[in-house]
Amino acid sequence: MLSVVLSGLRARWASFLGGFLALALGVGLLTTMGLGLSATFHAPERSPQRFASSPVVVQGQDRLTLDVRRGPDTVPVSQRLDRPQPVDKELVRELRTRWPLTESGGPDAVGLDAPADEVRALVGDRAQVLTGDARRNADPDPERDAQALVGLNALLGTTGGVTAFVSVFVVASTFAFAVALRRREFGLLRTAGATPGQVRRMLLAEATALGVLASAAGCALGAAGAPLLARALVDGGLAPEWFAVGDAVWPFHLAFWTGLTVALAGAVAASRRAGKVGPTAALREADVDTDVLPLGRALLGAGLLLTGLGLLVWTYATEPSELLKRKTYTTLPMLLIGGVALLSPLLVRPVARLLRLRGAVGTLVRENSAASVRRTAAVAAPVLVTVALAGTLFGSAASVTQTRGVEAREQTAAQYVVSGDELKPVAAAALPAGAVVSPTASTSLFVRDGAEAVVKYGARAVADPAAFAELARLPVVAGDLRDLDDRSIVVNEEFERHRIGETVEIWRADGSGPVRLRVVAVLALGTGDNGPFVTRANAPGAPLDRIEASGGGAATARALEASGGTVRTAAAWAAADHPASSPQTRLGMILVLGIALVYTVIGLANTLLMATSVRGGELASLRLAGATRAQILRVVTGEAVLATAIGALLGLAVTAAVLGTLGAGLASLSAPVALVLPWAVVGAAAAVCATVAVASSALPAWRLTR
């Protein structure tokens, strides 16, 4: 058996090359992403900076801790405050009477050179006592390194998931199609006395050998590529300057065994089908496509498709806001893509027959594509994956971003918007007659969600409720914005208590509270930026970061410049605050799509080279029937283009389902529906697929018709 396997690998190395490259590339990318992902789990340990010379630091409380219910018991849950609380002045006086203090840049912390135990005994629970590396918590933005890795972690996780999905799909389909082309060989082996079990074991042995070699090569490729990825992420602004891959071992194990499992999984189903081939049936039906959709594949495809559609509908019906999140519009389309791809042999023939191509060449293209379902589906499937990923990922991200920009513009009647950090209030005397100015600040509120959780909401603090009510165009579903005052709150429908007149218990951004505020208006949820709103009395210390103004024309714009921020028209502010896509997001999407496109190119080239190379007898018959060499080349390339077009149409169908559900979800959230179909990206992906398909089919056809 081993000699048969080795001789088969040597004799058919060209047909295994595509699968080897796809698997090696997949393992290499998984290794690279795993090494990058492992480096995002832990931020570098930085030494204390602000109080580097003080062995002990006393800092105000920087977390709000509340008891919540967990089963029959209660446990404390902490949420980080926007800013640490100031150290109590009386405590500072007590510390100063005993030890010399170092005060650096604010009342939130002091440093001192004293025994830590004695300091803790004096401070008690009035503040935090930090020693050693914990003194970093008193530095400005102590979690900036960890926060810088959050987006990178999500990107590498998404990319790794797409890599695993596409590699499994391409390798499995490559094995299946290669086995389908070898039916005559299996028939001859059965005629020579080989049992079905021996045929299956031969294919599994080939897959094992290919999997081990490709996975080992992929691990070496990933080790070399990980530092290049880290450098590209830093240069592209996706990672901080200090980011570098580590020396973790688990990504190599994960990638190697995943690659080997994928190779074996792709061969299992094909080997079962090969083992069922009988001697005479194989010889008689070697060139006829039968049983193109086995029951197992049909059930799996239908299951994935129905699961994907069901989850889309369920998410829309229960939590439509989840449709706006990257995790949702990245993972759910994969179920739809997998289901449609597995069912593609069932869809290819009717789609091909619907086309009305003229002339003898057109008729041959249509009929050959409809008759050779396996070949057409094997070409259409990877195109479907690429087009669907391009449409759903780019389209969903662009639609959500554009919707947020449109929503921001529609929610203000202001002519001008000033944005910036710590804006100065504009004096009323400096404003022209008729000008209305509404300053607001960004803050946070902490609210109990039932008895089991504490939720931190991003909120806005209103300085002038009357001006705010005049300029705001928020989606109010109940109540009146004009009733907002220091004892009330405007909430959205996400709040547990969101009826007019109900009381909401909140803790402020500095941890003070609880404060009971009466609900005076309820807003639709929108894209997630609709409230809550409170007055500045409930946002102590929050600096102004936005000023909206209307009336007075250019004189108002000139007066607003005294605030120290950037003055823009409302439309320009919405466009700048919600750009179509950031360079970092675009680079991340291109990385994901690039991986899918590379796999598609490998899958297309391998499939068409194998499929066209075994059509020598068919092409020779066409020559004998009077077809010219040019006509034969047009037939072969036309079939490749038609299969690519079918894949693109199926990919657009998946995109339409995802974007249509997203649009329905936005409408149910009372947000503007601004869907974007990225025609340029989808068209470019389809054009690359068509070019590779034409070249991969024309080259072997040209050689066979010499």
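Given the structure is predicted, the values throughout are model-derived calculations rather than measurements. (Residues numbered from 1 in each chain as written. Predicted model: local features only at pLDDT ≥ 70, side-chain atom pairs only at ≥ 80, totals over all residues. Heavy atoms only, no water.)

Draft legend 1. Looking closely at the overall build of the chain. For the chain, the helix and strand inventory stands at 22 helices and 16 strands. The principal-axis extent of the C-alpha atoms belonging to the chain is close to 100 × 60 × 50 Å. Burial status across the chain gives 48% buried among its 706 residues. Pairs at least 24 residues apart make up 80% of the contacts formed inside the chain by residues separated by at least 6 positions. Summed over all atoms, the accessible surface of the chain reaches about 31,500 Å², with 59% contributed by carbon and sulfur. Counting 65 positive and 56 negative side-chain charges, the chain places the averaged centre of each group 15 Å from the other. (Helix = DSSP H or I, 4+ residues; strand = E, 2+ residues; numbered from the N terminus. Buried < 20%, exposed > 50% of the residue type's maximum accessible area, 1.4 Å probe, protein only. Contact = heavy atoms within 4.5 Å. Areas by Shrake-Rupley, 256 points an atom, 1.4 Å probe, with all protein chains shown as cover. Lys, Arg positive; Asp, Glu negative; His and termini not counted. Charge placed at Lys NZ, Arg CZ, Asp CG, Glu CD.)

Draft legend 2. Structural detail: the pattern of salt bridges. This structure, assessed with the given rule, holds 16 salt bridges. Taking the shortest distance from any N to any O, the salt bridge between R80 and D62 comes out at 3.1 Å. Residue R80 is located in strand 3 (residues 73–80), and its partner D62 is located in the loop between strand 1 (56–59) and strand 2 (63–70); the two are separated by 18 residues in the primary sequence. R80 sits in the partly exposed class, given a relative accessible area of 21%. The exposure class of D62 is buried, given its relative accessible area of 5%. Its salt-bridge partner being K456, residue D82 comes within 3.2 Å of it at the nearest N-O pair. Placement of the pair is D82 in the loop between strand 3 and helix 3 (89–98) and K456 in strand 9 (residues 453–462), with a sequence separation of 374 residues. (Salt bridge = Lys/Arg side-chain N within 4 Å of Asp/Glu carboxyl O.)

Draft legend 3. The environment of L587, seen in detail. As for its position among the elements, L587 is in helix 19 (residues 583–613). Of the residues examined, L587 reaches a relative accessible area of 34% and is grouped as partly exposed. Look past the residues within four positions of L587 in its chain and what remains in contact with it is G236 and L238.

Draft legend 4. A look at the side chain of S444. Structurally, S444 can be placed in strand 8 (residues 436–449). A polar contact of 2.9 Å, which involves the side chain of S444, links it to the side chain of D82. Once residues lying within four places of it in the same chain are set aside, the contact partners of S444 are D82, K456, Y457, A459, W507, R508 and A509. (Polar contact = N/O pair within 3.5 Å; in protein donor to acceptor, adjacent residues only side chain to side chain.)

Draft legend 5. Representation of a negative patch on the surface. Judged by side-chain charge, E319, D449, E452, E494 and E496 come together as a negatively charged surface patch. By the secondary structure assignment, D449 is in strand 8. For D449, a relative accessible area of 39% translates into the label partly exposed. (Patch = residues over 30% accessible without salt bridge, like charges linked within 9 Å, V, L, I, M, F, W, Y side chains within 5 Å.)

Draft legend 6. Inspection of the packing of aromatic side chains at higher detail. All chains considered together, the criterion is met by four aromatic pairs. Between F41 and W250, the ring centres sit 6.4 Å apart and the planes meet at 15 degrees, which makes this aromatic pair stacked. With a gap of 209 residues between them, F41 in the loop between helix 2 (13–39) and strand 1 and W250 in helix 9 (residues 250–275) connect regions that are remote in the sequence. Taking relative accessible area as the criterion, W250 reaches 38% and is therefore assigned partly exposed. Consider the rings of F256 and W257, whose centres lie 5.1 Å apart with planes at 90 degrees: the pair is edge-to-face. (Phe/Tyr/Trp six-rings, centres within 6.5 Å; stacked < 30°, edge-to-face > 60°.)

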